[in-house]
Amino acid sequence: DAGVIQSPRHEVTEMGQEVTLRCKPISGHNSLFWYRQTMMRGLELLIYFNNNVPIDDSGMPEDRFSAKMPNASFSTLKIQPSEPRDSAVYFCASSFPRVGETQYFGPGTRLLVL
Amino acid sequence: SQQGEEDPQALSIQEGENATMNCSYKTSINNLQWYRQNSGRGLVHLILIRSNEREKHSGRLRVTLDTSKKSSSLLITASRAADTASYFCAHARNRDDKIIFGKGTRLHILP
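Scope of this entry: the structure provided in the associated data block. (Residues numbered from 1 in each chain as written. Chains lettered and ligands numbered in written order. Predicted model: local features only at pLDDT ≥ 70, side-chain atom pairs only at ≥ 80, totals over all residues. Heavy atoms only, no water.)

Brief notes about the nonpolar core
So, point 1. By size, the foremost hydrophobic cluster in this structure holds 22 residues, and its most contacted members are Leu32, Trp34, Leu74, Ile76, Tyr87 and Leu107 of chain B.
So, point 2. Residue contacts for leucine 32 of chain B: discarding those within four places in its chain leaves Cys23, Tyr25, Ile47, Leu48, Ile49, Leu65, Ser72, Cys89, Ala90 and His91 of chain B.
So, point 3. In this structure, Leu77, Cys92, Leu111 and Val113 of chain A belong to the second largest nonpolar core, which totals 21 residues. (Core = buried A, V, L, I, M, F, W, Y, C linked by side-chain atoms within 4.5 Å. Buried < 20%, exposed > 50% of the residue type's maximum accessible area, 1.4 Å probe, protein only. Contact = heavy atoms within 4.5 Å.)

Topic: the interface of chain B and chain A
Think of interface size as the accessible area that goes away when the parts come together; that is how it is often given.
So, point 1. Counting residues at the interface gives 20 residues for chain B and 19 residues for chain A.
So, point 2. Summed over both partners, the interface of chain B with chain A comes to about 1,600 Å²; 47% of that surface belongs to carbon and sulfur atoms.
So, point 3. Contact with chain A buries surface across chain B, with Leu43, Arg95 and Lys98 of chain B losing the most and accounting together for 36% of the total.
So, point 4. At the boundary of chain B and chain A, one finds four salt bridges.
So, point 5. Here arginine 98 of chain A and aspartate 96 of chain B are joined by a salt bridge, their closest N and O atoms 2.7 Å apart.
So, point 6. Scanning the region where chain B abuts chain A turns up 12 residue pairs in polar contact (both at pLDDT 80 or more). (Buried area = accessible area lost by both parts, 1.4 Å probe. Salt bridge = Lys/Arg side-chain N within 4 Å of Asp/Glu carboxyl O. Polar contact = N/O pair within 3.5 Å; in protein donor to acceptor, adjacent residues only side chain to side chain.)

Considerations on the state of the cysteines
In protein chemistry, a disulfide is the covalent bond that joins the sulfur atoms of two cysteines.
So, point 1. Applying the stated criterion to the full structure yields two disulfides over all chains.
So, point 2. Here cysteine 23 of chain A engages in a disulfide with cysteine 92 of chain A; their sulfurs sit 1.8 Å apart. The sign of the S-S torsion, about -65°, decides the handedness of the disulfide formed by cysteine 23 of chain A and cysteine 92 of chain A: left-handed. With cysteine 23 of chain A in strand S3 (residues 19-24) and cysteine 92 of chain A in strand S9 (residues 88-95), this residue pair connects regions lying 69 residues apart in the sequence. Cysteine 92 of chain A matches cysteine 23 of chain A in its accessibility class, with the two residues each being buried.
So, point 3. Between cysteine 23 of chain B and cysteine 89 of chain B runs a disulfide, and the two sulfur atoms are separated by 2.0 Å. (Disulfide = S-S within 2.5 Å. Helix = DSSP H or I, 4+ residues; strand = E, 2+ residues; numbered from the N terminus.)

As for the sheet that holds strand S1 (residues 5-7) of chain B
Residue and element names in this part refer to chain B.
So, point 1. Here five strands make up an open sheet; going across it, the order is S1-S3-S8-S7-S6 and the pairing antiparallel. Either end of the sheet is taken by a strand with one partner, and the two such strands are S1 and strand S6 (55-58). Adjacent strand axes in the sheet meet at a mean angle of 20° when their direction is disregarded.
So, point 2. Examined bridge by bridge, S1 and strand S3 (residues 19-24) share three bridges and lie antiparallel to one another. Each residue of the ladder has a partner; that of glutamate 5, found in S3, is serine 24. (Pairing = 2+ DSSP bridges. Axes fitted to C-alpha atoms, helices over the stretch in contact; angles between N-to-C directions.)

Some words on the packing of aromatic side chains
So, point 1. Scanning the entire structure with this criterion turns up eight aromatic pairs over all chains.
So, point 2. A ring pair is formed by tyrosine 35 of chain A and phenylalanine 101 of chain B, whose centres lie 5.6 Å apart and whose planes are at 90°; its orientation type is edge-to-face. Taken together, the residues span two chains, with tyrosine 35 of chain A in strand S4 (residues 31-38) and phenylalanine 101 of chain B in strand S10 (residues 99-101).
So, point 3. Residues phenylalanine 105 of chain A and phenylalanine 101 of chain B carry aromatic rings whose centres are separated by 5.9 Å and whose planes lie at 85° to one another, so their mutual orientation is edge-to-face. Here phenylalanine 105 of chain A, found in strand S10 (residues 103-105), pairs with phenylalanine 101 of chain B, found in strand S10, and the two come from separate chains. There is no split in this pair, since phenylalanine 105 of chain A and phenylalanine 101 of chain B are both buried.
So, point 4. Within the aromatic cluster, the residues linked to one another by ring pairs are Phe33, Tyr35, Tyr48, Phe91 and Phe105 of chain A together with Tyr35 and Phe101 of chain B. (Phe/Tyr/Trp six-rings, centres within 6.5 Å; stacked < 30°, edge-to-face > 60°.)

None of this, on its own, says anything about what the molecule does.
Rendered as structure tokens:
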């Protein structure tokens, strides 16, 4: 299996621009998680989906952040407009069969907003 | 906060020594998991221990769970340079609930 795939791996953008991060979970996994990691705040859960349905988005920092999962094999996390404080590493993870089981992480997207 | 806490925050030991990291949590749990993160990489799952288990082994890793004290420990025996990484514990209240990660322990193995 290819594991969780994230793209892009690195993104540098200017403040105010729209950023879209992409994730392909492991085939057959039915839960998908988006995390953000910074030195200051550590690893934060932003949102997670179960069977393509958003279950908990309480970690999404503000309305500039949105996430979708149109099908079982694809999810996006969008930031519009981006701000320098959004600079972080964003991880996607997936799990099966239940939400509280082992999570498999992607390599992350390193985002720098100038 | 439901967040678990690891102790110590950072640990440096000589190669070949054993490394012990501890984790505490605040709620009842279904399972507790340990993950490793090498610098610049994603987290990698190491081991999962369920609430009805007390100890689990995987290679050089030994995990214990004390639900009465709401704590767990991860022991890495005969440490190697490649074990240098951050180690996170995470717990789930039940199998249908999200897992909560701690802030991690940074382990540095000295040559």
